[in-house]
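Below, each chain spelled out in residue letters.
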Amino acid sequence: MPRNVVLVTVDSLRADRLSCMGYGRMTTPSIDALAADGMLYRRAFSHGSDTGNSFVTLLTGVYPGTADVWLDEPPYNPPLPAHFPYLPAAFAERGYHTAGFHCNPLISSRFGYDRGFATYFDSLDVGEAHRRRPLHKRLKKRLRFGHPRIYRGLMAVRDLVLPQRVARVPAGEINRRVEAFLDGAPEPFFLFVHYMDVHVPYLPSPELLRELTGRRISRRRMTRLNRAVFEWRADLVRDVGDVIAMYDAQLRAFDDHLGAFVGALRKRGLYEDSVIALTADHGEQFMEHGSLKHDTGIFYDELLHVPLILKSGPLGTSDDLVGQVDLAPTLLALAGLEPPAEMAGRPIDGSRAAIIAESRARGERRVAVRTMNRKFIWNMATGRTELYDLDADPAEAKDISEERRDGVEAFRAIAREHVEAVGRKAIELKARGIGRGGVARPGPGPRR
Ligand SMILES: [Zn+2]
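Just so you know, these numbers come straight off a predicted model, no measurement behind them.

Enquirer: Explain the nonpolar core here, please?
Expert: The nonpolar side chains of a soluble globular protein tend to be buried with one another. With 109 residues, the main nonpolar core has Met246, Ala277 and Leu331 as its most contacted residues. Counting residues per element, this core draws most heavily on helix H10 (residues 240-267), which supplies 11 residues. Apart from the residues lying within four places of it in its own chain, the contact partners of Leu331 are Val5, Leu7, Leu87, Val275 and Ala277.

If you want it as structure tokens, here you go:
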């Protein structure tokens, strides 16, 4: 019997916040236990700093720049082109039963991500609610951008009188749906679960927060801080340590649900033999480079460095440089299946020389090249380059592109070569895809 394959992704989970990655707070006992049962990749990176650009690669095995449809307005999300190779579809074509559970609109059926799934829960009402933006939302948007002072005043009053709303489906509810699926699941299956619980707003219980971090933060203050994070209002955050404490406690609370998910697999005898991967779409910023949350085209390690655990047999930790473009082919190979030839990634086998991240939002194409000890960032529209020596300066605080012009030129050549290869891949995929349907075109929708 071929092995079942489980892919768990956690939105906005920074690699260095896991206790098994050496973080000072005990944030992730359950994730640590999973890591102890498999291989923990300590240098794994995403290819985008936002949900859309990261997921398009994570699930297709081709780079974000290959997507020929990009949005120039929020949410800047490249929808999944119908002619791309796609991990769930590859499993389905090879006889696997496929199921996905999550609540992030950017990887919903509206963006084409339900392809190949026999069951796909994305919590989205694709009906009337999303065809037309409700009046109050349109008014809110007008106020926010047209009359920011009035908007902020109204929001402050709202925060005082109303509890903070969380639009996501919590992990407990996702787990209940996953368990219902597992009870009658035909094998072999490919199961994809994406959790939003670590994503802003961070709303842990004040008791857990105090127990984990020693800080006392009232719910009201959390609400105010969450609004600042949501709207990238760094000026409203006096002590970023509070925001970090909230994130850490939220992660600690989520970790119990991850433990429950693993328990659900164990209870049904599905844990031992399954291939299980855990990773994140991107990290989160806490003012390291002057900003909060996450956004497209910001290529510092706080956003690109992601956790990666592969439970497939071998145990231990790896310091190889690994990119998520290789994850889809790796999961297929671990199940004994041949990855589609169209995928640009290949099953993980040692260290990659460089990991490349991309974004093409707001009319600007940006590329980053990360090696073991260098980070190069290039805004191809403005020509601006940055170069960091990660050995001497892991925080990427001192740009050395001026004194290392030769280094800049070498990296620019790598980036240019990548962009050309991606262009060729786009043409190749398009040619193969002719007659296989068009591209999913999303309607207006919420931003994550
Ligand atoms: Zn995300």
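Enquirer: Please explain the pairing of strand S2 (residues 39-45) as it appears in this structure.
Expert: Here is the key point about a regular strand: its side chains alternate between the two faces of the sheet. Of all seven residues in S2, five are buried; the element is thus mostly enclosed. Bridge analysis of S2 against strand S9 (residues 305-311) gives five bridges, and the strand direction is antiparallel. By the bridge assignment, Met39 is partnered in S9 with Leu310. In this sheet, strand S10 (residues 316-323) lies alongside S2 in parallel orientation, the contact comprising six bridges. Note on S10: the bridge partner recorded for Met39 is Gly316.

Enquirer: Just to check I follow, could you spell out the environment of Arg346 for this structure?
Expert: Position of Arg346 among the secondary structure elements: in the loop between helix H12 (327-334) and strand S11 (355-359). Distance from Arg346 to Ala333, taken between C-alpha atoms, is 9.1 Å for residues 13 residues apart in sequence. Among all residues touching Arg346, those that are not within four sequence positions of it are Asp326 and Pro329.

Enquirer: In this structure, what is going on with the sheet that holds strand S5 (residues 189-195)? I would like to understand it.
Expert: Pairing between the strands of a sheet comes from backbone hydrogen bonds, and it takes one of two forms, parallel or antiparallel. Read from one edge of the open sheet, eight strands run S4-S3-S5-S1-S6-S9-S2-S10, paired in mixed fashion. Two strands lie at the open edges of the sheet, namely strand S4 (119-121) and S10, each paired on one side alone. Strand after strand, the sheet turns through a mean of 15° between neighbouring axes, direction not considered. Where strand S6 (residues 275-280) lies against S9, four bridges are found, and the strand directions are antiparallel. Among the inter-strand pairings, Ala277 is bridged to a residue of S9, identified as Leu310. Sitting on the sheet, H12 is in contact with strand S1 (5-10) and S6, with an inclination near 170° to S6.

Enquirer: When you look at unusual backbone geometry in this model, what are you seeing that I'm missing?
Expert: Residues apart from glycine generally show negative phi values, whereas peptide bonds are mostly found in trans. At the junction of Glu187 and Pro188, the peptide bond is cis and its omega measures out at 0° in the coordinates. With respect to the helices and strands, Pro188 occurs in the loop between helix H7 (171-183) and S5. The omega torsion across Val200 and Pro201 is 5°, close enough to zero to call that bond cis. Along the chain, Pro201 turns up in the loop between S5 and helix H8 (206-213). Residue Trp232 is not a glycine yet carries a positive backbone phi of 55°. Structurally, Trp232 is set in the loop between helix H9 (219-230) and H10. Taking the number of C-beta atoms within 10 Å as the measure of exposure, Trp232 has 15 and is therefore partly exposed.

Cut-offs and rules
All residue numbers refer to position in the chain's written sequence, counted from 1. pLDDT decides what is reported in this predicted model: residues at 70 or higher carry local features, side-chain atom pairs at 80 or more are listed and counted, and totals for whole chains, interfaces and linings draw on all residues regardless. Joining buried Ala, Val, Leu, Ile, Met, Phe, Trp, Tyr and Cys residues through C-beta atoms within 7 Å gives a set, and that set is a nonpolar core. With C-beta atoms placed from the backbone, a residue counts as buried when 20 or more other C-beta atoms lie within 10 Å of its own, as exposed when 12 or fewer do, and as partly exposed for counts between those limits. Helix numbering and strand numbering both begin at the N terminus, where a helix is a DSSP run of H or I of at least 4 residues and a strand a DSSP run of E of at least 2. Whether two residues are in contact is decided by their C-beta atoms, placed from the backbone, lying within 7 Å. Two strands pair if DSSP finds at least two bridges between them. The convention used is that axes are lines fitted to C-alpha atoms, helices contributing only their stretch in contact, and that angles between N-to-C directions extend from 0 to 180 degrees.

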